[in-house]
Amino acid sequence: MAGRLIYLIGPSGSGKDSLLDAARAPLAERGCRIVRRVITRSAEAVGEAAQGVSPAQFATLQAEGGFALSWQANGLSYGIPRQIDDWLAAGDDVLVNGSRGHLAQTRARYPTLLVVLLTVDQAVLRQRLLARGRESVAEIDARLARNAQFSDSLKAAPGVFLLDNSGPLAHTVARLLDCLQPGHSACA
Ligand SMILES: Nc1ncnc2c1ncn2[C@@H]1O[C@H](COP(=O)(O)OP(=O)(O)O)[C@@H](O)[C@H]1O
Ligand SMILES: O=P(O)(O)OC[C@H]1O[C@H](OP(=O)(O)OP(=O)(O)O)[C@H](O)[C@@H]1O
């Protein structure tokens, strides 16, 4: 049987990367893979969890059909390697750090995907972004402004599992693992 695509989305700073890092080992035990994204972000800022490439390298990979999914946001290009289709076909679940802006296109290609929307209190969000220190204040404000176009409509959308990360990360990890259990209503 084919695996499930789990599409983790949420505002910048809501904790997607932290959650994926913290959940990596328990997810692996459950046969769920986390895909490494390709991003046109500098090697220093990209972190170990993603592969940083130049815009020209990204364009080449895209032209070669190297991506199952790709989008642009925040002045960057993001690619999800085509390899996920082999993993899904082999029956593995695959978790993707996705984009709210690209949800409709992702759903069109993977109609059975499970959408997990990470949320965090707005008051905490700016503080977390500032504390992370990866972007300038202007870039942080642009990311916060981008949230306005998504927040309420997405929370009310059918088939979206809401996962709050305003509290300790360990709680969020536990709830994520819970919602991926067979038989959970999110997986129906
Ligand atoms: N539950 C949490 N409690 C406190 N800080 C958190 C929590 N989750 C994430 N953070 C911090 O918030 C910042 C943004 O998290 P990050 O994982 O980079 O978010 P995203 O990938 O969604 O942009 C990071 O500095 C991270 O350490
Ligand atoms: O359409 P959106 O939901 O706004 O998402 C746009 C992009 O921003 C996030 O990536 P990135 O890792 O660059 O940002 P973040 O770590 O600040 O969330 C997210 O994973 C998407 O790739």
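Structure: see above.
Residues numbered from 1 in each chain as written. Chains lettered and ligands numbered in written order. Predicted model: local features only at pLDDT ≥ 70, side-chain atom pairs only at ≥ 80, totals over all residues. Heavy atoms only, no water.

S.K.: Would you mind going over the site of ligand 2 in detail, with residue names and values included?
M.R.: Not every one of the 18 residues close to ligand 2 is listed here, only the nearest: Ser 12, Tyr 78, Arg 100, Arg 143 and Arg 146. Here an oxygen atom of ligand 2 sits 2.8 Å away from a polar atom, N or O, in the side chain of Arg 41. Backbone polar atom of Arg 100 to an oxygen atom of ligand 2: 2.7 Å apart, as the coordinates give it. In this structure, ligand 2 is accommodated by the largest pocket. (Near = heavy atom within 4 Å. Polar contact = N/O pair within 3.5 Å; in protein donor to acceptor, adjacent residues only side chain to side chain. 1 Å grid on protein atoms, 1.4 Å probe; cavity = no way out; pocket = protein on both sides within 12 Å on 5 of 7 lines; lining within 4 Å. Sits in = over half its atoms within 2 Å of the grid points.)

S.K.: Would you mind going over the pattern of salt bridges in detail, with residue names and values included?
M.R.: The final tally for this structure, using the stated rule, is 8 salt bridges. For Arg 134, the salt bridge is made with Glu 135, and the minimal N-O distance between the two is 2.7 Å. For Arg 134, a relative accessible area of 26% translates into the label partly exposed. Glu 135 sits in the buried class, given a relative accessible area of 12%. (Salt bridge = Lys/Arg side-chain N within 4 Å of Asp/Glu carboxyl O. Buried < 20%, exposed > 50% of the residue type's maximum accessible area, 1.4 Å probe, protein only.)

S.K.: Tell me about the environment of Ser 77, and name the residues and values.
M.R.: Mapped onto the secondary structure, Ser 77 falls in strand E6 (residues 76-81). The exposure class assigned to Ser 77 is buried, which follows from its relative accessible area of 11%. Separated by 39 residues in the primary sequence, Ser 77 and Val 38 have C-alpha atoms spaced 8.1 Å apart. Contact partners of Ser 77, with chain neighbours within four places excluded, come to Val 38, Ile 39, Thr 40, Phe 58, Trp 71 and Gln 72. A polar side-chain atom of Ser 77 sits 3.1 Å from a polar atom in the side chain of Gln 72. (Helix = DSSP H or I, 4+ residues; strand = E, 2+ residues; numbered from the N terminus. Contact = heavy atoms within 4.5 Å.)

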